[in-house]
Amino acid sequence: MQNPFVINRKLRIILVAPRIAANVGNIARTAEALGAELHLVGPFGFFLDEKTLRRTSVGHFDLQNCFIYRDAEDFWTRFEKAEMTCFYWATKRGESIYTQLEYSLDSSLIFGNEEEGVDSNFWDFKGLAKIVSCRIPMQTVRCLNLATSVGIIGYEVFRQWGNEGAFKEKQ
């Protein structure tokens, strides 16, 4: 029996058509540190194999604990509870600064690839999913590294949730 006083939090990091294996490896480590699920939506700019991803993530990548989708249609068809989670899309043209949002206890963070961001056809299959766009403010650079952006917004979610019990330190 589940304790009714325990707050169930769910964080998902969704990478759409990532191009650089090293970024995915770094993000896999960040997802593990946050206790977040990692979802990879193809097509990919590298071979998606255990050896490549293990090397790029310094051994912190388990392909078995990652959700992999062929393309946008496969993602929106197979993604469970799309109507229950709130999707936050990180884009340089986002309507809100990422710190101005209140993240739901079931949050999915969507990040596009390193070259084009999220292709417009990704949204063709979203159905009733609620999408909120956000941005990370920058002064003089065009964009940040994808893994850096995931870390910034991912840790903002946990900051807002409060970290009491959110992190279980390994002994």
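Residues numbered from 1 in each chain as written. Predicted model: local features only at pLDDT ≥ 70, side-chain atom pairs only at ≥ 80, totals over all residues. Heavy atoms only, no water.

> Outline helix 4 (residues 146-161), supporting the account with residue identities and numerical values.
Within an α-helix, residues lying three or four positions from one another point in the same direction, as the helix has 3.6 residues per turn. Given a rise of 1.5 Å per residue, 16 residues ought to cover 22 Å, and the 23 Å separating the end C-alpha atoms of helix 4 matches this to within 8%. Turning to helix 4, its buried residues number three or more, namely Leu146, Ala147, Ser149, Val150, Gly151, Ile153, Gly154, Glu156, Val157, Phe158 and Trp161. Against the buried residues of helix 4 lie strand 1 (10-16), helix 1 (21-34), strand 4 (86-90), strand 6 (106-111) and strand 7 (131-135). The opening residue of helix 4 is asparagine 145, an N-cap whose side-chain oxygen sits 2.7 Å from the backbone nitrogen of alanine 147. Directly after helix 4, the chain includes glycine 162, whose backbone phi takes a positive value near 80°. (Helix = DSSP H or I, 4+ residues; strand = E, 2+ residues; numbered from the N terminus. Expected span 1.5 Å × (residues − 1). Buried < 20%, exposed > 50% of the residue type's maximum accessible area, 1.4 Å probe, protein only. Contact = heavy atoms within 4.5 Å. Polar contact = N/O pair within 3.5 Å; in protein donor to acceptor, adjacent residues only side chain to side chain.)

> Account for the sheet that holds strand 7, naming residues and giving values.
Overall, parallel pairing links the seven strands, which are arranged 3-2-1-6-4-7-5 in an open sheet. The open sheet has two edge strands, strand 3 (66-69) and strand 5 (96-97), and neither has a second partner. Docked against the sheet, helix 1 engages strand 1 and strand 2 (37-41), running at close to 175° with respect to strand 1. Docked against the sheet, helix 4 engages strand 1, strand 4, strand 6 and strand 7, running at close to 165° with respect to strand 6. (Pairing = 2+ DSSP bridges. Axes fitted to C-alpha atoms, helices over the stretch in contact; angles between N-to-C directions.)

> Talk me through the environment of leucine 40; I want residue IDs and the actual numbers.
Note on placement: leucine 40 falls in strand 2. Each C-alpha atom of the pair leucine 40 and isoleucine 13 lies 8.5 Å from the other, and the pair is 27 residues apart in sequence.

> Describe the packing of aromatic side chains, listing the residues and the values that go with them.
Using the criterion set out here, one finds 12 aromatic pairs in the structure. A centroid spacing of 5.2 Å and a plane angle of 70° characterise the contact between phenylalanine 158 and tryptophan 161, whose relative ring orientation is edge-to-face. With phenylalanine 158 and tryptophan 161 both in helix 4, this residue pair falls three residues apart, about one helical turn. In this structure, phenylalanine 158 and tryptophan 161 share a single accessibility class: buried. (Phe/Tyr/Trp six-rings, centres within 6.5 Å; stacked < 30°, edge-to-face > 60°.)

> Give me the side chain of aspartate 106: which residues, what numbers.
Position of aspartate 106 relative to the elements: it lies in strand 6. What makes aspartate 106 buried here is its relative accessible area of 18%. If sequence neighbours within four positions are ignored, aspartate 106 has contacts with Lys10, Arg12, Met84, Thr85 and Cys86.

> Lay out the nonpolar core in plain terms, naming residues and giving numbers.
Counting residues in each nonpolar core, the largest one holds 32 residues, and the members touching the most others are Ile13, Leu15, Leu38, Tyr103, Phe111 and Ile153. Counting residues per element, the ones that place at least two in this core are strand 1, helix 1, strand 2, strand 4, strand 6, strand 7 and helix 4. With seven residues, the single largest contributor to this core is helix 4. Grouped together as the second largest cluster of nonpolar side chains are 15 residues, Ile14, Phe79, Val118 and Trp123 included. (Core = buried A, V, L, I, M, F, W, Y, C linked by side-chain atoms within 4.5 Å.)

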